[in-house]
Amino acid sequence: MDPELALRLTELVEKVGLLRRDMQHRADLDKYEGRLARIDQKFFALAECISRSDPDMATALRTAWQLPARSLAFRNAEHRKKPDEPES
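The structure reproduced in this document is the subject of the present report. If you're wondering where the values come from, they're calculated on a predicted model, not measured in any experiment.

Cut-off values and rules
- Residues numbered from 1 in each chain as written.
- Predicted model: local features only at pLDDT ≥ 70, side-chain atom pairs only at ≥ 80, totals over all residues.
- Heavy atoms only, no water.
- Helix = DSSP H or I, 4+ residues; strand = E, 2+ residues; numbered from the N terminus.
- Buried < 20%, exposed > 50% of the residue type's maximum accessible area, 1.4 Å probe, protein only.
- Contact = heavy atoms within 4.5 Å.
- Areas by Shrake-Rupley, 256 points an atom, 1.4 Å probe, with all protein chains shown as cover.
- Core = buried A, V, L, I, M, F, W, Y, C linked by side-chain atoms within 4.5 Å.
- Axes fitted to C-alpha atoms, helices over the stretch in contact; angles between N-to-C directions.
- Parallel < 35°, antiparallel > 145°, perpendicular 65-115°, else oblique.
- Nonpolar A, V, L, I, M, F, W, Y, C, P; charged D, E, K, R; others polar.
- Left-handed = near helix turned anticlockwise from the far one by under 90°.

Brief notes about the overall build of the protein
So, step 1. Across its full length, the protein holds four helices and zero strands.
So, step 2. Reading the protein from its N end, one meets helices and strands in the order α-α-α-α.
So, step 3. Per-residue burial over the protein gives 24% buried out of 88 residues.
So, step 4. Taking the intrachain contacts of the protein between residues at least 6 apart in sequence as the baseline, contacts between residues at least 24 apart amount to 60%.
So, step 5. Accessible surface, the protein as shown: approximately 6,800 Å² in total, 54% of it carbon and sulfur.

Following this line, the structure appears as structure tokens:
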């Protein structure tokens, strides 16, 4: 998968996962339970399809959906580890 596409997809899944988590914490999840269950189904079907060609990406997406704060923290840590590129 194209690295930029993978990054954008992961970011999208994290944001939706964070929204779902916030809804759970505010007890708003009951109101949207059916819709979120369908999103969950579609997401896991997507992850299964991606896992056929890129298992690591599928794992990253599943983590972003189920544990969005953890996924975001790991991405931020990886970003900080990258050496600063020298300016030309």
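Some details on the nonpolar core
So, step 1. Among the nonpolar cores identified, the biggest contains 11 residues, and these are Ala6, Leu9, Val13, Phe43, Ala47, Ile50, Met57, Ala58, Leu61, Ala64 and Trp65.
So, step 2. Mapped by element, the contributors of at least two residues to this core are helix 1 (3-25), helix 2 (33-53) and helix 3 (55-66).
So, step 3. With five residues, helix 3 is the largest single contributor of residues to this core.
So, step 4. In this structure, Phe43 is in contact with Val13, Leu61, Arg62 and Trp65, ignoring residues within four places of it in sequence.

Some words on the packing of helix 1 against helix 3
So, step 1. Axis separation between helix 1 and helix 3 bottoms out at 7 Å; the angle between their running directions is 25°. Compared by their axis directions, helix 1 and helix 3 come out roughly parallel. From helix 1, Ala6, Leu9, Thr10, Val13, Glu14, Val16, Gly17 and Arg20 reach across to helix 3, where they touch Met57, Leu61, Ala64, Trp65 and Gln66.
So, step 2. In the contact of helix 1 with helix 3, the residues fall into eight nonpolar, three polar and two charged.

Observations concerning the packing of helix 2 against helix 3
So, step 1. Packing of helix 2 against helix 3 leaves a shortest axis separation of 6 Å and a crossing angle of 160°. Taken together, the axes of helix 2 and helix 3 lie roughly antiparallel to each other. Considering how the two elements wind past one another, helix 2 and helix 3 form a crossing that is left-handed. Here Ile39, Asp40, Phe43, Phe44, Ala47, Glu48, Ile50, Ser51 and Ser53 of helix 2 come into contact with helix 3, specifically with Pro55, Met57, Ala58, Leu61, Arg62, Trp65 and Gln66.
So, step 2. Here the residues of the contact of helix 2 with helix 3 are counted per class, giving 10 nonpolar, three polar and three charged.

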